[in-house]
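Spelled out, the chains give:
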Amino acid sequence: MPGIDECLLEVMRLPGARGASVVDWTSGLALGTVGAARNGDHEETAAETAELARLAAEHLAFAPAEGSDWAPGTASDKSPPVEDVIVTNRDGYHLLRFVRTTFDSSVFVHLWLDRDEGNLALARLRLTDIADRLVLG
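Residues numbered from 1 in each chain as written. Predicted model: local features only at pLDDT ≥ 70, side-chain atom pairs only at ≥ 80, totals over all residues. Heavy atoms only, no water.

We now examine the side chain of Ser106. With respect to the helices and strands, the residue Ser106 is situated in the loop between β4 (92-98) and β5 (107-114). Within polar-contact distance, the side chain of Ser106 engages the side chain of Asp24 at 3.1 Å. Aside from chain neighbours lying at most four places away, what touches Ser106 is Val23, Asp24, Trp25 and Thr26. (Helix = DSSP H or I, 4+ residues; strand = E, 2+ residues; numbered from the N terminus. Polar contact = N/O pair within 3.5 Å; in protein donor to acceptor, adjacent residues only side chain to side chain. Contact = heavy atoms within 4.5 Å.)

In structure tokens:
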């Protein structure tokens with residue numbers, strides 16, 4: 001099972017990957033970074049993406065419907081009810097994949113993908129696999 005550095009190196013092998021990071025969305029700190037940062041500063045990018053992740057993860061408007069496998073007060077609620085956040089712009093995609101853990105996780109993987117060279121569907125599938133195998137701690 002890969003750690004943060006191995007996870008990020010695997011993410012950067014995706015076609016069109018420009019940069020990636022593992023971020024704690026409660027603090028906004030980057031736990032690891034690789035490649036380029038959209039604004040040239042990995043720490044600033046981590047803080048900005050953490051705000052978006054926090055909004056998606058903490059609001060029930062984005063939670064699964066009642067009766068699903070996720071419900072507050074169950075073992076599955078240790079991870080955010082949101083799996084991914086995808087933001088698109090004219091030249092790229094930003095994919096935030098929340099990492100599920102056995103403890104109260106507040107970590108996500110952020111991938112910046114070039115729109116012309118990348119494949120969003122493939123990146124989402126591969127990032128899901130990578131995040132599921134990520135070992136923290």
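And the narrative resumes.
It is worth spelling out the packing of helix α1 (residues 4-11) against helix α3 (residues 120-133) at this point. It is at 10 Å that the axes of α1 and α3 come closest, and there the two elements cross at 170°. On the basis of the axis angle, α1 is roughly antiparallel to α3. Residue-level inspection shows Cys7, Glu10 and Val11 of α1 in contact with α3, the latter providing Leu127, Ile130 and Arg133. For the contact of α1 with α3, a count of residues per class yields 4 nonpolar, no polar and 2 charged. (Axes fitted to C-alpha atoms, helices over the stretch in contact; angles between N-to-C directions. Parallel < 35°, antiparallel > 145°, perpendicular 65-115°, else oblique. Nonpolar A, V, L, I, M, F, W, Y, C, P; charged D, E, K, R; others polar.)

This paragraph deals with a negative patch on the surface. Together, Asp41, Glu43, Glu44, Glu48 and Glu51 make up a negatively charged patch on the protein surface. Note on placement: Asp41 falls in the loop between β2 (29-35) and α2 (42-58). For Asp41, a relative accessible area of 33% corresponds to the partly exposed category. (Patch = residues over 30% accessible without salt bridge, like charges linked within 9 Å, V, L, I, M, F, W, Y side chains within 5 Å. Areas by Shrake-Rupley, 256 points an atom, 1.4 Å probe, with all protein chains shown as cover. Salt bridge = Lys/Arg side-chain N within 4 Å of Asp/Glu carboxyl O. Lys, Arg positive; Asp, Glu negative; His and termini not counted. Charge placed at Lys NZ, Arg CZ, Asp CG, Glu CD. Buried < 20%, exposed > 50% of the residue type's maximum accessible area, 1.4 Å probe, protein only.)

Our next topic: α2. Along its 17 residues, α2 runs 24 Å from first to last C-alpha, staying within 8% of the 24 Å computed at 1.5 Å per residue. Taken residue by residue, α2 has Thr45, Ala46, Thr49, Ala50, Ala53, Ala56 and Ala57 as its buried positions. Down the axis of α2, the buried set is contained in an arc of 135°. They therefore lie on one face. Next to the buried residues of α2 lie β1 (17-24), β2, β3 (84-88), β4 and β5. The N-cap residue of α2 is Asp41: its side-chain oxygen and the backbone nitrogen of Glu43 are 3.0 Å apart. (Expected span 1.5 Å × (residues − 1). Arc of directions from axis to C-beta.)

The next subject is the environment of Ala17. Relative to the helices and strands, Ala17 resides in strand β1. A relative accessible area of 18% places Ala17 in the buried class. Along the sequence, Ala17 and Gly92 sit 75 residues apart, while their C-alpha atoms lie 9.7 Å from each other. Residues contacting Ala17, with those up to four places away along its chain left out, are Val11, Met12, Leu111, Trp112 and Leu113.

Looking at the secondary structure, you find His94 in strand β4. A distance of 3.0 Å separates a polar atom in the side chain of His94 from a polar atom in the side chain of His110. Not counting the four nearest positions on each side in its chain, His94 is found in contact with Arg38, Val85, Ile86, Val87, Asn89, His110, Leu111 and Trp112.

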